[in-house]
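Residue-level listing of the chains:
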Amino acid sequence: MASVTYTQPPPRRSPGRRFAAFLYRHPRVQLSLLLATPLGWLVIAYLGSLAVLFLAAFWRLDPFTADIVKDPGLQNFQTLLDNPVYREITIRTVKIAAAVTITDAILAFPIAYYMARVATPRVRNLLVVLILMPLWSSYLVKVYAWRVILQEDGILNWALGPFGLHGPGFGEIAMWLVFSYLWLPYMILPLYAGLERIPDSLLEASGDLGARAGRTFRTIVLPLALPAVVAGSIFTFSLTLGDFITPNLVSSVQFIGNVVYANVGVANNLPLAAAFATVPVLIMIAYLLLAKRLGAFESL
Amino acid sequence: MSTQARERPSEAGEDAPQPAADVRLEGVRKSFGDVVAVDGVDLEIDQGEFFSLLGPSGSGKTTLLRIIAGFERPDDGTVWLADVDVTNKAPFDRDVNTVFQDYALFPHMSISENVEYGLKVKGVGKQERRSRAEEALQMVRLPGYGKRKPSQLSGGQRQRVALARAIVNRPRVLLLDEPLGALDLKLREEMQIELKRIQQEVGITFVYVTHDQEEALTMSDRLAVFNNGLIEQIAAPADVYERPATEFVAGFVGVSNVLEREGQRFVVRPEKIRILEQGEEPYAGAHVESGQVRDVVYVGMVTRYIVDLEAGGQLTVVRQNLETSSQDVLEARGAQVRLEWRPEQTYEIGERGQMEEDE
Ligand SMILES: Nc1ncnc2c1ncn2[C@@H]1O[C@H](COP(=O)(O)OP(=O)(O)O)[C@@H](O)[C@H]1O
Ligand SMILES: [Mg+2]
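Conventions adopted
- Residues numbered from 1 in each chain as written.
- Chains lettered and ligands numbered in written order.
- Predicted model: local features only at pLDDT ≥ 70, side-chain atom pairs only at ≥ 80, totals over all residues.
- Heavy atoms only, no water.
- Axes fitted to C-alpha atoms, helices over the stretch in contact; angles between N-to-C directions.
- Helix = DSSP H or I, 4+ residues; strand = E, 2+ residues; numbered from the N terminus.
- Parallel < 35°, antiparallel > 145°, perpendicular 65-115°, else oblique.
- Left-handed = near helix turned anticlockwise from the far one by under 90°.
- Contact = heavy atoms within 4.5 Å.
- Nonpolar A, V, L, I, M, F, W, Y, C, P; charged D, E, K, R; others polar.
- Domains from an automatic or database assignment.
- Near = heavy atom within 4 Å.
- Polar contact = N/O pair within 3.5 Å; in protein donor to acceptor, adjacent residues only side chain to side chain.
- Areas by Shrake-Rupley, 256 points an atom, 1.4 Å probe, with all protein chains shown as cover.
- Buried < 20%, exposed > 50% of the residue type's maximum accessible area, 1.4 Å probe, protein only.
- Core = buried A, V, L, I, M, F, W, Y, C linked by side-chain atoms within 4.5 Å.
- Buried area = accessible area lost by both parts, 1.4 Å probe.
- Salt bridge = Lys/Arg side-chain N within 4 Å of Asp/Glu carboxyl O.

S.K.: Can you tell me about the packing of helix 4 (residues 84–118) of chain A against helix 10 (residues 213–241) of chain A, naming the residues and giving the values?
M.R.: Residue and element names in this part refer to chain A. Closest axis-to-axis distance for the helix 4/helix 10 pair is 9 Å, and the angle between their directions is 135°. Classified by the interaxial angle, the pair formed by helix 4 and helix 10 is oblique. Regarding helix 4 and helix 10, the two cross each other, and that crossing is right-handed. The residues of helix 10 that touch helix 4, namely those facing Thr 93, Val 94, Ile 96, Ala 97, Ala 98, Val 100, Thr 101, Asp 104, Ala 105, Phe 109 and Tyr 113, are Phe 217, Val 221, Leu 222, Ala 225, Val 229, Ser 233, Thr 236, Phe 237, Thr 240 and Leu 241. In terms of residue class, the contact of helix 4 with helix 10 is made up of 15 nonpolar, 5 polar and 1 charged.

S.K.: Could you give an account of the domain arrangement of chain A, naming the residues involved and the relevant values?
M.R.: Each domain of chain A was delimited in the assignment, giving domain 1 (16–56) and domain 2 (81–293). The distance between the C-alpha centroids of domain 1 of chain A and domain 2 of chain A comes to 34 Å.

S.K.: Residues and numbers for the site of ligand 1, please.
M.R.: Residue and element names in this part refer to chain B. Every residue close to ligand 1 is listed here: Phe 32, Val 35, Ala 37, Pro 56, Ser 57, Gly 58, Ser 59, Gly 60, Lys 61, Thr 62 and Thr 63. Between ligand 1 and Ser 59, the relevant distance is 3.1 Å, taken from an oxygen atom to a main-chain nitrogen or oxygen of the residue. A distance of 2.5 Å separates an oxygen atom of ligand 1 from a polar atom in the side chain of Thr 63. Protein chains bury 60% of the 560 Å² of accessible surface belonging to ligand 1 in isolation.

S.K.: Mind laying out the side chain of Glu72(B), listing which residues take part and the relevant values?
M.R.: Residue and element names in this part refer to chain B. Its location among the elements puts Glu 72 in the loop between helix 1 (61–69) and strand 4 (76–81). Classification of Glu 72 as buried rests on a relative accessible area of 16%. Among the polar contacts made by the side chain of Glu 72, one reaches the side chain of Arg 66 at a distance of 3.2 Å. Those residues within four positions of Glu 72 in sequence are excluded, and the remaining contacts are Lys 30, Phe 32, Arg 66 and Ile 67.

S.K.: Explain the nonpolar core to me, and be specific about the residues and the numbers.
M.R.: Leu191(A), Leu195(A), Leu25(B), Leu43(B), Leu53(B) and Leu64(B) are the most contacted members of the largest nonpolar core, which has 59 residues in total. Core analysis: the next-biggest nonpolar cluster, separate from the first, contains 34 residues, Val99(B), Val161(B), Ala164(B) and Met219(B) among them.

S.K.: Got a sec to walk through the interface of chain A and chain B? Specific residues and values, please.
M.R.: Facing 19 residues of chain A, the contacting portion of chain B comprises 28 residues. Of the roughly 1900 Å² buried where chain A meets chain B, counting both sides, 59% is carbon and sulfur surface. Summed over the shared surface of chain A and chain B, the result is 2 salt bridges. Across the pair Arg212(A) and Asp93(B) runs a salt bridge, and its minimum N-O distance is 3.6 Å. Run the count over chain A and chain B and you get 8 residue pairs in polar contact (both at pLDDT 80 or more). For the side of chain A that touches chain B, the element with the highest residue contribution is helix 9 (residues 200–208) of chain A, accounting for 7 residues.

S.K.: Describe unusual backbone geometry, and please don't skip the residues or the numbers.
M.R.: Residue and element names in this part refer to chain B. Of note in this structure, Ala 82 is not a glycine but carries a positive phi near 50°. Mapped onto the elements, Ala 82 comes out in the loop between strand 4 and strand 5 (84–85). Taking the relative accessible area as the measure of exposure, Ala 82 reaches 21% and is therefore partly exposed. Phi at Tyr 103 takes a positive value of approximately 70°, unusual for a residue other than glycine. Tracing the backbone through its elements, the reader meets Tyr 103 in the loop between strand 6 (96–99) and helix 2 (111–121). A residue is classified by how much of its surface remains accessible, and Tyr 103, at 8% relative accessible area, is buried.

Structure follows, in structure tokens:
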């Protein structure tokens, strides 16, 4: 068979080409140029502010002059531990964040499962849009809408009234309801992605080996979806931990965020606010370590 | 001869009850929307047989296998496993196991947990489970790999685990969907021998899907050649190769050497054709035709000549490189040659499912 060679005109040596060739020969330079901006942002704006926060947590406020004294000490953390009010606020925040996470996981699983494994592509796309839709409107508007629902002469009591029932009113239950509503999409979407990634053949193999649907769900689907649940729970848990607007609007009790807000704005005690703000960070770190111990990231 | 004439087992007047076939399909049909994947298949597979479903991609082999496993329900027809109608039974209620093309090992379980899965589901005790799993791993030559995770194994090793996981349950029928498709040639050839050995060792009926004609010919006791959701021929490998029932089978199994002479179509296998030397006398009674070498393909051990015949048509001729070098054979391009073959080695082909020998 005759061999044919194709000849191309030699490429022109324009400056752009030479630069591209230089980058090709020096992949490290190329990588540095590519990452300089995002890395700079990450280090300065993101880690930098975290570092300032962490440092500030060890300063203190001079009680007489109300000036910030920058010699490091643990007195802020001491205050947080000693004062039962702060303890109670921390426990309440974590408790509600956990309740919201569990609620969202339970609500999200069937929806995500249906989207990933049952629905036709049309229905699936429709559901994705429906789930994302609440995210298009402002957070504040949504919480105010819940105020309207939950308030004493609100829609809920109006609907329950004929049955002799009464809504939960403002308080911890209201917070739990509103947070669960607000963060549900953040649980559904990662879970949907995680469930979609499980190959059909694994479920078929389980059935082929004699397992019924329930067993396949317990031994195959659930363990393989666990990393996705953890990913979603990081959102629901941390978003709840850090919030201060919802507690303000639908309850009369305080969250960690409310204390931080009050100390920065009203009391002007930045060090104490910083110390309290590190608490959710520590809780999240503990939570992630626990999830890792439970093997949540093993099949990633 | 009528080895290929298929008989419907359901026809009236059936004689005395035969020993139960392990798998029996009657008029099985399945379509996906407009696509007819399996278009009315009748098939009987005997106990202990190594049976292959051979056909090009998209011909419906996988769909048929999935119907036997219970992952798809046929639109029409009946599936029998050892004389039990399982058409409407779920996969977990059928005494078959599948080796999936992508192996489908559970990534979060160790190798031994994978292999023990079927036994655990059936409630087999821990002690027995352990020893049977280890035995199965031994059989596929992976003893002591139980603690690893699937991700720590190579493709060939995963394939063996998938086999062990299925075989440890001692199913009546093992279904394999192109189990060696993802392996490289050398490993594939090794595994072909291994699979055959294991099948003979355990005596389980194997239903083996492949698009590789060589694989089907070397491994099977019998095979069914698929085309467009239909079976073109069911026969032993040698019969399929030497006496293809249809033009499709002739072309798919081996090289398509089909000629039409005096209104008859027939097949001549390339290795049965001889190129006559200059001035050489043909055998008495041999059929001789002359033509021009259009192309020469040197493939190491043999050379393939593609010859345009004067009387019309084209033949591929294979010749061993006994004394010729690559240089010599490549110079044959464009040369005038005479070809001879024995008429008794040609096979007339007719419509689907029929065939007469050209004698
Ligand atoms: N789940 C399905 N949905 C739609 N079409 C399918 C499905 N499974 C198979 N088919 C179609 O059926 C035909 C046969 O497919 P298959 O049985 O996979 O063939 P093979 O295994 O021989 O390659 C193909 O045309 C394929 O596109
Ligand atoms: Mg296939």
